[in-house]
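Below are the chains, spelled out letter by letter.
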Amino acid sequence: MRFDMSDPDERATGLMMAAGALRRGELVALPTETVYGLGADATNARAVAAIFAAKGRPSFNPLIIHVPDLAAARQVAEFDQKSLRLAERFWPGPLTLVLRKAKGSQVAELATAGLDTVAVRIPSHPIALDLLKAFGRPVAAPSANLSGRVSPTSADHVVADLAGSAAVILDGGPAAVGVESTIVAASGGPAFLLRPGGVAREDIEAAIGEKLGDLKGDADAPAAPGMLASHYAPRASVRLNAAEVMPGEALLAFGKTMPPGAEKAAATINLSASGDLTEAAAALFGALRALDAEASAIAVMPIPDSGLGEAINDRLRRAAAPRPSA
Ligand code: TXA
Ligand code: MG
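Residues numbered from 1 in each chain as written. Chains lettered and ligands numbered in written order. Predicted model: local features only at pLDDT ≥ 70, side-chain atom pairs only at ≥ 80, totals over all residues. Heavy atoms only, no water.

A few words now on the side chain of serine 105. Secondary-structure assignment places serine 105 in the loop between β6 (95-101) and β7 (117-121). Polar side-chain contacts of serine 105 include one of 3.1 Å to the backbone nitrogen of valine 107. In contact with serine 105, other than residues within four places in its own chain, are Gln75 and Val76. (Helix = DSSP H or I, 4+ residues; strand = E, 2+ residues; numbered from the N terminus. Polar contact = N/O pair within 3.5 Å; in protein donor to acceptor, adjacent residues only side chain to side chain. Contact = heavy atoms within 4.5 Å.)

Next comes the structure, spelled out in C-alpha cells:
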C-alpha cells in the first residue's frame, strides 16, 4: 500500500498503517532526508531478516538503527563526550554514529551482524520522525534498494526495486539530501570516517576539533561492511572523469561547460548546471537510474572532491568499479 504523504488525510492513515505493519514484523519503506529506507522493527530478528531477504543483502552487513530522539538513542548505544557533541550538533540529520552497544539493548543481533558496536541515527525528515515516535521502538533501515543497486531517492525508485516486499510505502517526495548519511565511528579514542555522506567531513572535524581518521577499508576488509567496492552499481558501465563523450554513451554532466561529443550523447542529465554540489548530491542516484535506462555506458564529467563532492565521487567510484562476477 502506497500513501501520498503530502495529503493530510493520507498522511495520518499512512502513519497508522506503517506503525501497525512494523508492529506485525512487516517491512515499511519510509522517506528520510538522505535516501528512502526499508524499515523493520529492530528488536524483532525475523523482521530484520526479512530486510536481508528483500534486499538480497549479504547477511554480514549490519544495519543502521533509526530513533526519534537522544533518549531513545541512549537505549541503543553508549555515548561519551565526543559522540554526544556530534549528536547535539548534527541530529536530527544525515549523520550516523557507530558506537558501543548499550547494555540491555533490545536491538536484534542480526541487525548489528553480531558486532559489539551499533550504527545509530536520528533522521530529520518529519515523516520518518513521526513514524519513529508513533511506533515507539527503534527501526532498522538500510536504503530501500536491492543490494548492490543505486539507492532510492523517490518512492518510485522504491517501487521499482521492492514493490513486493514493503507492506507500506510512504511517499514523502524526493529526498532532499540524496546521498546516504555520513558514518563516523566514535566508540572511544580517535573518531574515524567510515563512509562519506550528507554531512561534510570538514563540518564534523570542526565540531569535534580533530581530524577524522580514514577507515574506508577496501573490498576485502571493508571498515563499514557495506562499503563493498562495487556497491552502487547501475547495469550500464560507468566511465569517470570523462573529457569527451564516446559514441553510444550517455552523459552525466556537472557544471555549464559540456565536453566534446556531448551533443551526440545517448542522453544527458546535468547534476547541477550551476556547479552546486548539494544540488548534485540530491540528483545523483535518480540520474544514474535514468541514464541506466537509456544507454549501456555512462560517461561522467569530473566533479570537485570538496564538501559533498567527496560522497558523490565515492558513490561514483563504486558505480564504476569492476562488478562481482556472481
Ligand atoms: O542515509 C542513510 O544512512 C540510509 C537511510 C535509510 O538512513 N541508510 C543506509 O543504510 O544507507 P545502509 O544499510 O544502506 O548502509 C549502512 C552502512 C553499511 O555500509 C554498514 O556496513 C554500515 O552502515 N554499518 C552498520 N553498522 C555498522 C557497524 N556497527 N560498524 C561499521 N559499519 C556499520
Ligand atoms: Mg545502501
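Here the narrative resumes.
Turning our eyes to something else, we now look at the pairing of strand β14 (residues 250-253). Consecutive side chains of a regular strand alternate in pointing toward one face of the sheet and then the other. Judged by which residues are buried, β14 turns out to be covered on both faces: Ala250 and Leu252 on one side and Leu251 and Ala253 on the other are all buried. Pairing of β14 with strand β16 (residues 297-300), which is carried by three bridges, proceeds in the parallel orientation. Its bridge partner being in β16, leucine 251 is matched across the sheet by alanine 299. Relative to strand β15 (residues 268-270), β14 runs parallel, the two being bridged by three bridges. Bridge assignment links leucine 251 to a residue of β15, and that residue is threonine 268. (Buried < 20%, exposed > 50% of the residue type's maximum accessible area, 1.4 Å probe, protein only. Pairing = 2+ DSSP bridges.)

Before going further, it helps to spend a moment on the environment of glutamate 263. Tracing the chain through its elements places glutamate 263 in the loop between β14 and β15. Look at glutamate 263 and you get exposed, because its relative accessible area is 62%. Counting along the chain gives twelve residues from glutamate 263 to leucine 251, while the straight-line C-alpha distance between them is 9.7 Å.

Next up on the list: the packing of aromatic side chains. Two numbers describe a pair of aromatic rings. These are the distance of the centres and the angle of the planes. Per the stated rule, a full pass over the model turns up one aromatic pair. On the basis of an interplanar angle of 80° and a centroid distance of 6.0 Å, the ring pair of phenylalanine 79 and tryptophan 91 is categorised as edge-to-face. Within this pair, whereas phenylalanine 79 is found in the loop between β5 (77-78) and α4 (81-90), its partner tryptophan 91 is found in the loop between α4 and β6, the two being separated by twelve residues in sequence. The burial state of phenylalanine 79 is the same as that of tryptophan 91; both residues are buried. (Phe/Tyr/Trp six-rings, centres within 6.5 Å; stacked < 30°, edge-to-face > 60°.)

Once that is clear, we can look at unusual backbone geometry. The omega angle of the peptide bond from tryptophan 91 to proline 92 is -10°, so this bond is cis rather than trans. Among the structural elements, proline 92 can be located in the loop between α4 and β6. Positive phi outside glycine occurs at asparagine 241, with the angle close to 50°. Look at asparagine 241 and you get exposed, because its relative accessible area is 55%.

Taken in spatial order, the four strands line up as β13-β16-β14-β15 in an open sheet, and their pairing is parallel. If you trace the sheet from one side to the other, it starts and ends with β13 (237-239) and β15, each paired once. Each strand of the sheet is rotated relative to its neighbour by a mean of 20°, with strand direction disregarded. Across three bridges, the pairing between β13 and β16 is parallel. Paired with serine 237 across the bridge in β16 is alanine 297. Across the sheet, helix α8 (residues 277-292) is in contact with β14, β15 and β16; its angle to β14 comes to roughly 170°. (Axes fitted to C-alpha atoms, helices over the stretch in contact; angles between N-to-C directions.)

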